[in-house]
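# Tertiary structure, described
Residues per chain, in single letters:
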Amino acid sequence: MTTTDPRPLTGEPIALDLLNTRWMQDGVLTDLFAGAGAAGLTRVEGVAVWLRSVGLDDRFRADAPTLIHLLTAREALARALSDPADEGARALVDAVLEHGRIRATLTAEGPGERAEFADPAWGPAWTAARGYLDLLASGPDRIRTCASETCVLRFFDVSRNGTRRWCSMTACGNRAKASRHYARTRER
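What this report covers is the structure whose coordinates are included nearby. Starting afresh in each chain, residues are numbered from 1 along the sequence in its written order. Local features in this predicted model are restricted to residues of pLDDT 70 or higher, and side-chain atom pairs are both shown and tallied only at a pLDDT of 80 or more, whereas totals for entire chains, interfaces and linings draw on every residue. As a rule here, side-chain values cover all heavy atoms of the structure and leave hydrogens and water aside.

With that settled, consider the packing of helix α3 (residues 64-82) against helix α4 (residues 87-97). Lines fitted to the C-alpha atoms define the axes, with helices restricted to the stretch that makes contact. Angles between their N-to-C directions range from 0 to 180 degrees. Helix numbering and strand numbering both begin at the N terminus, where a helix is a DSSP run of H or I of at least 4 residues and a strand a DSSP run of E of at least 2. Following both chains from N to C, one finds α3 and α4 inclined at 145 degrees, their axes separated by 8 Å at the closest point. Where α3 crosses over α4, the handedness of that crossing is left-handed. Contacts between α3 and α4 involve T72, A73, A76, L77, R79 and A80 from the former and G88, A89, L92, V93 and V96 from the latter. Classifying every residue of the contact of α3 with α4 by side-chain character gives 8 nonpolar, 2 polar and 1 charged. Two helices that cross are described as forming a left-handed crossing if the nearer one is turned anticlockwise from the farther one by less than a right angle, and a right-handed crossing if clockwise. When checking whether two residues touch, look at their non-hydrogen atoms; a contact exists if any pair is within 4.5 Å. Throughout, the ten residues Ala, Val, Leu, Ile, Met, Phe, Trp, Tyr, Cys and Pro are labelled nonpolar, Asp, Glu, Lys and Arg are labelled charged, and all others, Gly among them, are labelled polar.

Now for unusual backbone geometry. Non-glycine residue D26 carries a positive phi angle of around 55 degrees. Relative to the assigned elements, D26 resides in the loop between β1 (22-25) and β2 (28-31).

A few words now on the pairing of β1. DSSP-based pairing: two strands are paired if at least 2 bridges between them are found. Where β1 and β2 come together, 4 bridges link them in antiparallel fashion. Counterpart to M24 in the pairing with β2 is L29. Between β1 and β2, which pair antiparallel and follow one another directly, the connecting turn spans 2 residues, one of which, D26, has a positive phi of 55 degrees.

If you want it as structure tokens, here you go:
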């Protein structure tokens with residue numbers, strides 16, 4: 001099994017990282033959870049790669065039920081982000097959130113919280129949906145889609161002035177700069 005994550009953008013907040021399990025590669029939409037298309041991984045191996053990438057592999061299993069729930073959450077989040085006014089999309093996110101809850105706890109360090117799930121297979125999907133709520137609370141205007149017309153990746157803009165446009169300056173940003181430079185030199 002491939003142990004490295006083949007995706008071009010990782011490390012985003014978990015809700016966006018789940019959405020970024022689909023990306024464009026050589027003009028083709030690639031899906032980490034689709035099977036053989038993404039670096040020869042099976043669907044469940046793709047889930048294992050993603051769980052490891054987001055630090056959930058020690059708490060949740062990569063199996064078929066987890067895959068199904070992650071696909072449900074990914075679709076709900078994609079719809080909610082593409083149209084925040086869509087009541088159906090909000091209902092889908094809420095349906096994912098119904099599978100878990102936050103339990104207040106007292107730890108050695110003081111007050112704490114722990115997520116609980118009736119079915120642990122919902123854990124990663126619920127965690128991603130909960131992460132989306134956190135993004136909405138902290139800066140909904142900072143949730144962005146890459147400005148490249150050929151890119152589908154999303155990111156949370158943490159730049160000081162909030163003007164980040166590209167998923168990555170080394171990929172889409174560099175291509176855009178090179179394209180503008182080429183257009184300017186051709187005009188001369």
